[in-house]
Structures are given as C-alpha cells and as structure tokens.
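# Survey of secondary and tertiary structure
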Amino acid sequence: MSAEGNLGERTGTRRRVMRGRDPGEEHRAATPLELLFDLTFVVAVAQAAAQLHHAWAEGHLGSGLAGYAAVFFAIWWAWMNFTWFASAYDTDDVPYRLLTLLQMAGALVLAAGVPEAFRDGDFAIVVAGYVLMRLAMIAQWLRAAAEHRDGRRSALRYAAGVAVVQCGWIARLWATGVWAPTTFVLLVVAELAVPAWAESRGGATTWHPGHIAERYGLFTIIVLGEVILASLTAVQSAVTDQGLSATVLLIALGGLLLVFALWWIYFTGSDAELATLRIALVWGYGHYVVFAALAAVGGGLGAALDTTEHHAHLTEQAAGLAVAVPVVIVLLVLGVLHRMTGTGAVGHALLVVAGALVVLGLGLSPPVFGMGGAVFGMGLAVAATLTANLVVLRRRAGERG
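These figures come from a predicted structure and were not determined experimentally.

## Topic: helix α12 (residues 349-363)
In an α-helix there are 3.6 residues to a turn, and that puts residues three or four apart on one side. Between its first and last C-alpha atoms α12 spans 21 Å; for 15 residues at 1.5 Å apiece the expected length is 21 Å, and the two agree. Taken together, the buried positions of α12 are occupied by V352, G355, A356, V359, L362 and G363. Within α12, the buried residues cover an arc of 120° as seen down the axis, which keeps them to one side. When the buried face of α12 is taken as reference, the exposed residues oriented beyond 90 degrees from it are L350 and L357.

Structure representation (structure tokens):
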C-alpha cells in the first residue's frame, strides 16, 4: 500500500505528515469527523431557512431573499472549502482534528448571528464566525504547503488568496449605503476566484472525485432532513392552533412528496464523473444553488401553512410561489449538473423543463385549487417528472443492452 494509502489508518492520536491523498484510492468514504462537521453546519442551514420563513411570513420577500442568499453563501463556501481540502489532505491526526473542530465552532458562531443579520442587517457576528472558519482553513493550507512539496505552490496560493479576501470581509463591516451590496458582490467573486487561480497556476490538487461526490450527496441528505424537520414543526404548530384540516393534511403530504421525489432525482444514477477541473468547479459551485433552494423549500412550506392559518402577510399566490420557485430551481439546476456529469434521473431535458413549468403554474394556482391542492399538486408533478425520466432512462438502457 502507498504512503498516501497508509493515511487511511485513522487513529487521531498522533501527528502524521500531511501528504496529498491518492485520488484513485479505493474505498474512500466520508469519515466520522466529516459527518460531525456536516451536522454542525446544518445548524446554520436551519437558522438561515427559519429566518427566511419568518421574513416571508412577514411579507419581506426581497430583503428576506437577499439576507438568505448572503448568509447561505457563507455557510456553503466554508463547507465546500473544507470538503475539497479534506478530500486531498485528510491526515486525521490531532492538529487536523483541532483545526476542523475550530471550523465547527466558527459555524456555530455564524449560526448565532443569523437572526441579527436578517432582523437588523448586522452581519458582524456572521462575519466573525465566517472569518474564524477561514482562518482555520488558512492554517490547514499552510501546513499542507510546509509538508507536501508537490502541492506547495497551490497550497500557498490558497492560503494567500483566502487571507486577502478575509481582510476584505472584515473591512466591509464599515461599508454603508450602496457600498454594502457592491462590496459583498465583489468579495463573493473574489472568493469564487481563489480556487480557480490556485489550481490553474499552482498545479491541480489531488482531490478524490468519488469522495467529493459522496460528500455532496451526504450534505444533500442532511439538508433534506432539515426540510422535513422544519415542515413537521410547522405542521404541528398548525394542528395545535386549528386542528388537522384537509388543507394542512394536503400541504404535509405534498411537502413529503416533494422531498422524496427530489431525493430520488438527485440520487438516481452513478456517481458524478468530475473528470476535469472545469466540470468539478461547475459541479461544486452549482451546489450552492441546489443546497440553498432545497433548504428554502422548507421555508416555503412553512409560509404556506402560515397563510392557511392567516398568520402571514402574504397573498395565497405569493405563498404558493414560495414553495414552487425553490422546487423549480432545484429541478433545473440538477438537470444541468446531471447532464454535464452523465448522472442522475434526467432522461430528457424537456421532461425536466415541462415538470418545472407545471410546478410554477401550480405555484400561481392557490386561488383556484386552494393552498393544500396547489402544494399537493406540486408534489405529484415532481413525482411524475421523476417517473417519466426513469422510463426514458430504462428504455435507453434496454436499447444499449
């Protein structure tokens, strides 16, 4: 077994030399530390989705979406950076674990600041948690640069790029007026540019394609679990206030159908084939939209239930679109990502587009079908989209056989 393979012997009790992991390593699976890392981050995801739900229920559609997009970017980007680093340099020794635990602490600090960011537009605590996570990441890259000669140039570029952008985030806390959104966009672009700059100029990092695909799949499951929990909490609240009505039952069933069908669409097919840096970056960056939209489905279902109880400052159509639009985004983005990587339950692109249009139409239909009928219809539409694509895939498999 190679030196890189020997790193798979996980004790967490002694220091190991940080070398690049073998990108062809067999039986590479997510570690207990990575799973704990994901669970910590889903706390922040839950906070962001809950605040989006409250913003929508109060009728703050634009500001709620803007705050959600900003907070979710911080959560997703810190998670993604650790995930790719761990795929290439996971030594699982004491220094590695301590720095990873520090990132988890930063995620919890970020989560604690989410309500204030939505309520007052004060991102100080969110930035503090984010920068804490990124400082730990800089330390990991510097260690990789010191101990892995072949990857030193890329590692130093990562560390330098991340450090410069963090200075920008801290300075942005004093930005006011038009400079606040302008500097946010510029810093997001800078964050996204660091990996492309480091990988293209410093040499490709030895990340493991199968491990990366598994990590994204596991986080998708956790986000869907958060959607189920948020929806269940909203249903329980509605039942407590008004009893179990037909509308509440239909929304609950429709929400469950949406979660099950979206899960099935995501996981049908083989592992993603991240064969090139371009495909890997599009896959990784595209999941910002997938994760954010999936989590927003829970917020939309909560807003739909609030509308039925007359607790929300939303029209029925706005509440219906709060469910439909995130679902449409997930369908379309997954369709693109799965077609690009040759995976997933996408037998024909037109089927996905047709299903998305039906869901969008149902989002506008609560005045006609009622909120319960509209949400349940969305669930049926996504399930039908899945079924149609599976039939096409089966026929193609039969023709090839």
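That was the structure; now back to the text.
## Notes on the environment of I228
Relative to the helices and strands, I228 is located in helix α8 (residues 209-242). By relative accessible area, which is 36% here, I228 ends up partly exposed. Through-space distance from the C-alpha of I228 to that of H208 is 31 Å; in sequence the pair is 20 residues apart.

## Comments concerning unusual backbone geometry
With phi around 55°, D92 is a residue other than glycine that occupies positive phi space. By secondary structure assignment, the location of D92 is in the loop between α3 (61-89) and α4 (94-120). Judged by its relative accessible area of 3%, D92 is buried.

## Description of the confidence of the model for the chain
Looking at the chain, the pLDDT average stands at 87 and 90% of residues meet or exceed 70. Of the regions scoring below 50 in pLDDT, residues 1-10 engages in 19 contacts with residues more than four places distant in sequence or in other chains.

## Let's talk about the packing of aromatic side chains
Two descriptors summarise a pair of aromatic rings, namely the distance from one centre to the other and the angle between the planes of the rings. Overall, the coordinates contain 27 aromatic pairs when judged by the stated rule. Here F219 and F291 contribute two aromatic rings whose centre-to-centre distance is 5.0 Å and whose plane-to-plane angle is 70°, an arrangement assigned as edge-to-face. Remark: F291 occurs in helix α10 (residues 277-308) and F219 occurs in helix α8; sequence separation between them is 72 residues. A residue is classified by how much of its surface remains accessible, and F219, at 2% relative accessible area, is buried. By way of ring pairs, the aromatic residues Y68, F72, F73, W76, W77, Y285 and Y288 are connected into one cluster.

## So, the nonpolar core
Grouped together as the largest cluster of nonpolar side chains are 114 residues, with contacts concentrated most on F41, Y68, V71, F72, L110, Y216 and V382. Looking at this core, the element that brings in the most residues is α3, giving 18 residues. When neighbours within four sequence positions are excluded, V71 is seen to be in contact with A48, L110, V114, A117, F118 and F123.

## As for helix α2 (residues 32-57)
The end-to-end C-alpha distance of α2, which contains 26 residues, comes to 37 Å, matching closely the 38 Å that a straight helix rising 1.5 Å per residue would cover. G59 occupies a position one or two residues after α2 and carries a positive phi of about 85°.

## Here's the deal with the pattern of salt bridges
Counted under the stated rule, the structure contains seven salt bridges. Close ionic contact of R215 with E34 constitutes a salt bridge, the shortest N to O distance being 3.6 Å. One end of the pair, R215, is in helix α8; the other, E34, is in helix α2, and 181 residues separate them in sequence. Assessed through its relative accessible area of 1%, E34 is described here as buried. With a shortest N-O distance of 2.6 Å, R215 and D38 are connected by a salt bridge. Of this pair, R215 sits in helix α8 while D38 sits in helix α2, and the two are 177 residues apart along the sequence. Judged by its relative accessible area of 0%, D38 falls in the buried class.

Cut-offs used in this document
- Residues numbered from 1 in each chain as written.
- Predicted model: local features only at pLDDT ≥ 70, side-chain atom pairs only at ≥ 80, totals over all residues.
- Heavy atoms only, no water.
- Helix = DSSP H or I, 4+ residues; strand = E, 2+ residues; numbered from the N terminus.
- Expected span 1.5 Å × (residues − 1).
- Buried < 20%, exposed > 50% of the residue type's maximum accessible area, 1.4 Å probe, protein only.
- Arc of directions from axis to C-beta.
- pLDDT = per-residue confidence, 0-100.
- Contact = heavy atoms within 4.5 Å.
- Phe/Tyr/Trp six-rings, centres within 6.5 Å; stacked < 30°, edge-to-face > 60°.
- Core = buried A, V, L, I, M, F, W, Y, C linked by side-chain atoms within 4.5 Å.
- Salt bridge = Lys/Arg side-chain N within 4 Å of Asp/Glu carboxyl O.

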